[in-house]
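Coordinate inspection notes
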Amino acid sequence: MTQQTDPRDYRGAPGTGAGPAPMGTRPEGSGAAGWVRFGAVVMMIVGVFGVIEGLVAVLTPSYFVSVGGAVFVLSLAGWGWVHLALGALVAIVGASLLGEAPSWARGTAVALVALSAILHLTFVAAAPVWSILVIALDVVVLYALITTWDEPLRTRR
């Protein structure tokens, strides 16, 4: 009697000597693709947060509390434009990761999210709770993208 195996079973048929998958490989039905999609959705949320934060800083600069009307080196309006532009880029790259992502998307996403975390670290004096929330979400996105780095983009479903 022949025992049938599920083609998604990465261990192979019983008695064939095939053991577990080598380190760094994942079976086709793994949760790694879900992490990338989760990271992409959180990136889009963080991007929209950045756009909102930028618009608030540009349109109502008295909303944020800062020493001398400046954060780090730029004026509040200058930081607003930086947040607005970076937020839009993060949201666009996050959306590109949802579908059949181009090969540049994951690397660009990691770079933009890391830049977002650094930017919000410098903005903590003006908006501490908001900045810490966005930094935490950026770290979650980095985890989702980097831990699934070895999975080819074309195998995600």
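Turning next to helix H4 (residues 128-146). For H4, with 19 residues, the first-to-last C-alpha span of 27 Å sits near the 27 Å given by 1.5 Å per residue. Of all the residues in H4, the buried ones are Ser131, Val134, Ile135, Asp138, Val141, Leu142, Ala144 and Leu145.

Now for the packing of helix H3 (residues 105-122) against H4. For the pair H3 and H4, the least separation of the axes is 9 Å and the interaxial angle reads 160°. One finds that H3 runs roughly antiparallel with respect to H4. When you trace H3 past H4, the crossing you get is left-handed. Side by side, H3 and H4 meet where Arg106, Ala109, Val110, Val113, Ala114, Ser116, Ala117, His120 and Leu121 of the first sit next to Ser131, Val134, Ile135, Asp138, Val141, Leu142, Leu145 and Ile146 of the second. For the contact of H3 with H4, the class distribution of residues is 12 nonpolar, three polar and two charged.

Here we take up the packing of aromatic side chains. Per the counting criterion, the structure on display carries one aromatic pair. With centroids separated by 5.0 Å and ring planes inclined at 50°, the aromatic side chains of Phe49 and Trp130 adopt a geometry described as tilted. Highlighted residues: Phe49 in helix H1 (residues 32-59) and Trp130 in helix H4, separated in sequence by 81 residues.

Quick look at a nonpolar patch on the surface now. On the surface, Trp35, Phe38, Val140 and Tyr143 cluster together into a nonpolar patch covering about 380 Å² of accessible area. Elements represented by at least two residues in the nonpolar patch include exactly H1 and H4. Looking at where Val140 falls in the secondary structure, it is placed in helix H4. According to the relative accessible area criterion, Val140 is partly exposed, its value standing at 32%.

What counts and what doesn't
Residues numbered from 1 in each chain as written. Predicted model: local features only at pLDDT ≥ 70, side-chain atom pairs only at ≥ 80, totals over all residues. Heavy atoms only, no water. Helix = DSSP H or I, 4+ residues; strand = E, 2+ residues; numbered from the N terminus. Expected span 1.5 Å × (residues − 1). Buried < 20%, exposed > 50% of the residue type's maximum accessible area, 1.4 Å probe, protein only. Axes fitted to C-alpha atoms, helices over the stretch in contact; angles between N-to-C directions. Parallel < 35°, antiparallel > 145°, perpendicular 65-115°, else oblique. Left-handed = near helix turned anticlockwise from the far one by under 90°. Contact = heavy atoms within 4.5 Å. Nonpolar A, V, L, I, M, F, W, Y, C, P; charged D, E, K, R; others polar. Phe/Tyr/Trp six-rings, centres within 6.5 Å; stacked < 30°, edge-to-face > 60°. Patch = residues over 30% accessible without salt bridge, like charges linked within 9 Å, V, L, I, M, F, W, Y side chains within 5 Å. Areas by Shrake-Rupley, 256 points an atom, 1.4 Å probe, with all protein chains shown as cover. Salt bridge = Lys/Arg side-chain N within 4 Å of Asp/Glu carboxyl O.

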